[in-house]
Amino acid sequence: MEAPALKPPEVEVDMKLMEQFEKEMKEALESTVPLPEEGGPFFLLTFSDLLLLLFLVLLLLLLLLLLLLLLLLLLVLLPVLSHSNFSTISTLIDCIR
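What counts and how
- Residue positions within a chain follow its written sequence, with the count starting from 1.
- Local features in a predicted model are, by the rule used here, given only for residues with pLDDT of at least 70; side-chain atom pairs are given and counted only at 80 or more, and totals for whole chains, interfaces and linings are based on all residues.
- Excluded from the side-chain calculations are hydrogens and water; all other atoms, namely the structure's heavy atoms, are used.
- Helix and strand definitions follow DSSP, with helices as H or I runs of at least four residues and strands as E runs of at least two, each counted in order from the N terminus.
- Each residue is assigned to one of three classes by its accessible area relative to the maximum for its type, calculated with a 1.4 Å probe on protein chains only: buried under 20%, partly exposed between the two thresholds, exposed over 50%.
- Methods summary: accessible areas were calculated by the Shrake-Rupley approach with a probe of 1.4 Å, and residue burial reflects only the protein chains presented.
- For every residue, the predictor states its confidence as a pLDDT score lying anywhere from 0 to 100.
- Given the number of residues in a helix, its expected span is that number minus one, multiplied by 1.5 Å.
- In the analysis that follows, any N or O atom pair within 3.5 Å is treated as a polar contact, provided that within protein one partner can donate a hydrogen and the other can accept it, and provided that, for residues neighboring in sequence, both atoms belong to side chains.

Draft legend 1. Just the overall build of the protein, in detail. Counting its regular elements, the protein contains 3 helices and 0 strands. Sequence-ordered secondary structure for the protein, helices as α and strands as β, is α-α-α. Per-residue burial over the protein gives 1% buried out of 97 residues. A total of about 10,100 Å² of accessible surface is found on the protein, and carbon and sulfur atoms cover 72% of it.

Draft legend 2. Local environment of the confidence of the model for the protein. Counting all residues, the mean pLDDT for the protein is 80, and 74% of those residues have values of 70 or more. Considering each helix and strand of the protein separately, the mean pLDDT is smallest for helix α3 (residues 89-96), with a value of 69, and largest for helix α1 (residues 15-30), with 92.

Draft legend 3. Geometry of α1. Spanning 16 residues, α1 covers 22 Å between terminal C-alpha atoms, matching the ideal 22 Å at 1.5 Å per step. When you tally the buried positions in α1, you get 0 out of 16 residues, a small fraction of the element. Residue D14 occupies the N-cap position of α1, its side-chain oxygen lying 3.3 Å from the main-chain nitrogen of K16.

Here you go:
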């Protein structure tokens, strides 16, 4: 059995509104800004560039974390070292054990 043909929907078009849309489209096309040249002040980052940037930021954060841990370790060990007579590192390690 064949499907019955559907009647196309009836639409009323406002010609003034259609002319306004066409005018706005024409103005938008005329006022386009050209894309910057390659190597200009504006550039687009590729996905690999973004991954490299993310890697470098994470590496910098890791280095900062290690620096903070080293500083904390020094702040903890300096009072111990100043009140003790550790002549060598081996005696310090023996004392920690």
